[in-house]
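A look at the structure
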Amino acid sequence: MATSTTVEQKRGDVCPHQIAFILDNWLRRLIQSPRKIVGEYLNEGDTVLDVGCGPGYFTIDMAKIVGNNGKVIAADLQTQMLEKVRKKATKHNVLERLSFHRCELGSIGLSASIDFILAFYMIHETGNPKGFLMEMKQMLKPEGKILIVEPKMHVSAATFEELIRDAENEGLKVLDHPNGKGGRSVLLTV
Ligand SMILES: C[S@@+](CC[C@H](N)C(=O)[O-])C[C@H]1O[C@@H](n2cnc3c(N)ncnc32)[C@H](O)[C@@H]1O
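Reading the values: rules and limits
Residues numbered from 1 in each chain as written. Predicted model: local features only at pLDDT ≥ 70, side-chain atom pairs only at ≥ 80, totals over all residues. Heavy atoms only, no water. Pairing = 2+ DSSP bridges. Helix = DSSP H or I, 4+ residues; strand = E, 2+ residues; numbered from the N terminus. Axes fitted to C-alpha atoms, helices over the stretch in contact; angles between N-to-C directions. Contact = heavy atoms within 4.5 Å. Parallel < 35°, antiparallel > 145°, perpendicular 65-115°, else oblique. Left-handed = near helix turned anticlockwise from the far one by under 90°. Nonpolar A, V, L, I, M, F, W, Y, C, P; charged D, E, K, R; others polar. Phe/Tyr/Trp six-rings, centres within 6.5 Å; stacked < 30°, edge-to-face > 60°. Buried < 20%, exposed > 50% of the residue type's maximum accessible area, 1.4 Å probe, protein only. 1 Å grid on protein atoms, 1.4 Å probe; cavity = no way out; pocket = protein on both sides within 12 Å on 5 of 7 lines; lining within 4 Å. Points joined across faces, edges and corners; volume = space filled by probe spheres on them. Polar contact = N/O pair within 3.5 Å; in protein donor to acceptor, adjacent residues only side chain to side chain.

What to know about the sheet that holds strand β6 (residues 173–176)
- Pairing is mixed in the open sheet, where seven strands are placed in the order β3-β2-β1-β4-β5-β7-β6. Of all strands in the sheet, those with a lone pairing partner are β3 (98–102) and β6, marking the two edges. When strand polarity is set aside, the average angle formed by the axes of neighbouring strands in this sheet is 25 degrees.
- Across the sheet, helix α3 (residues 59–66) touches β1 (47–51), β2 (71–76), β3 and β4 (114–120), and the angle it forms with β2 is around 165 degrees.

Here it is, written out as structure tokens:
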């Protein structure tokens, strides 16, 4: 499902897997609880997409919340990140609830029907926010939700506003600008 804008993403824009430890450690757990950030949007049995999952900081907790009848798709550009998630999932005994998808530069490239999509600290890396919004909308169930969180350090208020305008132009509706999610945040639906 690659679009004509896929070339806009450059390798240098992407958080390298070699520094994945900065995304999953005790310090982050002190300040960003995965359950507090995404728990309120998840139900048992849900199908979830963690796009740009990195080393799985949110993936594992989401797999625990959706339970045996749920599914979490861990999607990332870097196979090394997906391998880290696989190892962690094995350790936490949730591997069967996960599936893995390797995205292409600049696009998700997945066909699925999803209850909740998390795009945490990743949209700004893609170089193709509009394309990602369009793909996410196509995968979302009618009552589904998308939570986008972007880091204030890398994404200005104006750029985030532009992202929200792009989302609305793609036909997504803003449900909330939730506080306390760890950055500039918007909750979207179709
Ligand atoms: C800053 S990390 C955030 C990881 C994770 N969401 C977290 O909060 O711990 C951004 C992640 O997005 C991934 N990413 C960047 N571009 C992507 C793309 N086009 N498709 C899928 N993943 C991508 C990177 O490989 C990296 O793992």
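Examining the packing of helix α6 (residues 129–139) against helix α7 (residues 157–169)
- Axis separation between α6 and α7 bottoms out at 9 Å; the angle between their running directions is 45 degrees. Comparing the axis directions of α6 and α7 gives the class oblique. For the crossing formed where α6 meets α7, the hand is right-handed. Of the residues in α7, those in contact with Pro129, Lys130 and Leu133 of α6 are Leu163, Asp166 and Ala167.
- Partitioned by chemical class, the residues of the contact of α6 with α7 number four nonpolar, no polar and two charged.

Describing the packing of aromatic side chains
- With the rule as written, the count across this model stands at four aromatic pairs.
- Seen from their ring centres, Phe58 and Phe120 are 4.5 Å apart, and the 40 degrees between their planes marks the pair as tilted. You can see Phe58 sitting in the loop between β1 and α3 and its partner Phe120 sitting in strand β4, a full 62 residues away along the chain.
- Phe58 sits in the buried class, given a relative accessible area of 4%.

Details of the layout of surface pockets
- In this structure, the largest pocket spans a volume of roughly 640 Å³.
- Around the largest pocket sit 36 residues that line it, and Cys15, Leu23, Phe120, Tyr121 and Glu125 are the ones nearest its centre.
- Grouping the amino acids of the lining of the largest pocket by side-chain chemistry returns 20 nonpolar, 10 polar and six charged.

A few points about the pairing of strand β7 (residues 184–189)
- Judged by how many residues are buried, β7 sits mostly within the fold: five of six residues are covered.
- Direction of pairing for strand β5 (residues 140–150) relative to β7: antiparallel, over a ladder of five bridges. Paired with Ile148 across the bridge in β7 is Val186.

Notes on the side chain of Asn128
- By secondary structure assignment, the location of Asn128 is in the loop between α5 (123–126) and α6.
- A residue is classified by how much of its surface remains accessible, and Asn128, at 4% relative accessible area, is buried.
- In terms of polar contacts, Asn128 uses its side chain to reach the backbone carbonyl oxygen of Gly106, at 2.8 Å.

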